Amino acid sequence: MVPASHSLSKIQRKLRGQVAKASADFGLIEPGDRVMVCLSGGKDSYTMLTLLQEIQKKAPFPFELIAVNLDQKQPGFPEHVLPEYLENQGVEFHIIEEDTYSIVTEVIPEGKTTCGLCSRLRRGILYRVANELKVDKIALGHHRDDMVETLFLNMFFGAKMKSMPPKLRSDDGQNVVIRPMAYCKESDIETFATAMAYPIIPCNLCGSQENLQRQAIKMMLRDWDRIQPGRVDNIFKAMSNITPSHMCDPEQFDFKALSISPSFQMLKQQ
């Protein structure tokens, strides 16, 4: 249980409400769903599992939660931590052992970014496990700040206006990925996770790399929010308030067909 202080209870209610709203807005969790909750051992995924368990108890319809952790065989990984925690939570769980660590460290030169290959390998394994477990949704612990950071990463380094959607169908059509914490701020998650004293497991592969592009974007956004509070909030709101006719993508809006309205055209001809 969360410590019984007013401020922490308030954050708990806030986060739970945001997850419930995201689910309602995007159809993330539906009656009868089997939801695979991907648990990394970090603050975000622990918080996601806790919030989904609370919502499961209060929801007006039944759905199942299955926690899944991918043990990537990183040196020093404390294999006992997550099984012990999940057993105490009374949630169905599966620990998947796949040595992706050796593959990544063998393929990627020392000092280079490992996140790209690591995430592709991890995603492929999780998709396979989802099919084996016959789940309806795969829940990932990305939050609002992750989505804003991804927007700028894609703009700055990929020349694309896209981010992480709250709900996504995989390219092969076999899986649906959901991000229940799409409306949750990282700072609130940090406060909640600290209060809950989760047994955090640090990543010594991707998480140990300090010079990642994402870290630079994160620092940029934090500076912006410090200088002008609310700016990041507005950026996130803008992601849900898009006007294709005021952008420059002819695939999203038919600019060629744009002309004076027929009524005004008739007046001009008179």
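Residues numbered from 1 in each chain as written. Predicted model: local features only at pLDDT ≥ 70, side-chain atom pairs only at ≥ 80, totals over all residues. Heavy atoms only, no water.

Regarding its fold elements, the protein chain presents 10 helices and 6 strands. A buried classification covers 42% of the 270 residues belonging to the protein chain. A sequence separation of at least 24 residues applies to 76% of the contacts in the protein chain between residues at least 6 apart. On the protein chain, roughly 15,700 Å² of surface is accessible, and the fraction owed to carbon and sulfur atoms is 54%. (Helix = DSSP H or I, 4+ residues; strand = E, 2+ residues; numbered from the N terminus. Buried < 20%, exposed > 50% of the residue type's maximum accessible area, 1.4 Å probe, protein only. Contact = heavy atoms within 4.5 Å. Areas by Shrake-Rupley, 256 points an atom, 1.4 Å probe, with all protein chains shown as cover.)

Let us now look at empty space enclosed by the protein. In the structure shown here, the tally under the stated rule is 1 cavity of 30 Å³ or more. Reported here for the largest cavity is a volume of approximately 30 Å³. Around the largest cavity, the lining residues are Asn69, Asp71, Phe77, Pro78, Glu79, Leu82, Pro83 and Ile95. Among the secondary structure elements, those contributing two or more residues to the lining of the largest cavity are strand E2 (64-71) and helix H3 (81-89). Here the lining of the largest cavity is composed, by residue class, of 5 nonpolar, 1 polar and 2 charged. (1 Å grid on protein atoms, 1.4 Å probe; cavity = no way out; pocket = protein on both sides within 12 Å on 5 of 7 lines; lining within 4 Å. Points joined across faces, edges and corners; volume = space filled by probe spheres on them. Nonpolar A, V, L, I, M, F, W, Y, C, P; charged D, E, K, R; others polar.)

Moving on, we get to the sheet that holds strand E3 (residues 92-97). Reading across the sheet, the 6 strands line up as E3-E2-E1-E4-E6-E5 and stay open at both edges, with mixed pairing between neighbours. Pairing within the sheet leaves two strands with one partner each, and these edge strands are E3 and strand E5 (167-169). For this sheet, the mean angle separating the axes of adjacent strands, direction not counted, is 25 degrees. Summarising the sheet, strand E4 (residues 137-139) and strand E6 (residues 176-178) pair through 2 bridges and their orientation is parallel. (Pairing = 2+ DSSP bridges. Axes fitted to C-alpha atoms, helices over the stretch in contact; angles between N-to-C directions.)

Remark: helix H2 (residues 43-58) packs on helix H7 (residues 186-196), axes separated minimally by 9 Å, with the N-to-C direction vectors making an angle of 80 degrees. Compared by their axis directions, H2 and H7 come out roughly perpendicular. In contact with Lys43, Asp44, Thr47 and Thr50 of H2, H7 contributes Glu186, Ile189, Glu190, Phe192, Ala193 and Met196. Split by residue class, the contact of H2 with H7 holds 4 nonpolar, 2 polar and 4 charged. (Parallel < 35°, antiparallel > 145°, perpendicular 65-115°, else oblique.)

What follows concerns H3. Where H3 is concerned, the buried positions are Val81, Leu82, Pro83, Tyr85 and Leu86. On its buried face, H3 sits against H2, E2 and E3. Just downstream of H3, Gly90 is the residue with a positive phi angle, here 70 degrees.

Every buried residue of helix H9 (residues 231-238) is accounted for by Val232, Ile235 and Phe236. Buried residues of H9 fall within an arc of 95 degrees about the axis and therefore sit on the same side. Looking at the packing, one finds that the buried side of H9 touches helix H6 (144-158) and helix H8 (213-227). (Arc of directions from axis to C-beta.)

Two elements in contact, H6 and H9, have axes separated by 10 Å at closest approach and are oriented at 75 degrees. Judged on the interaxial angle alone, H9 and H6 are roughly perpendicular. Across the interface between the two elements, Arg144, Met147, Val148, Leu151 and Phe152 from H6 touch Val232, Asp233, Ile235 and Phe236 from H9. Here the contact of H6 with H9 is composed, by residue class, of 7 nonpolar, no polar and 2 charged.

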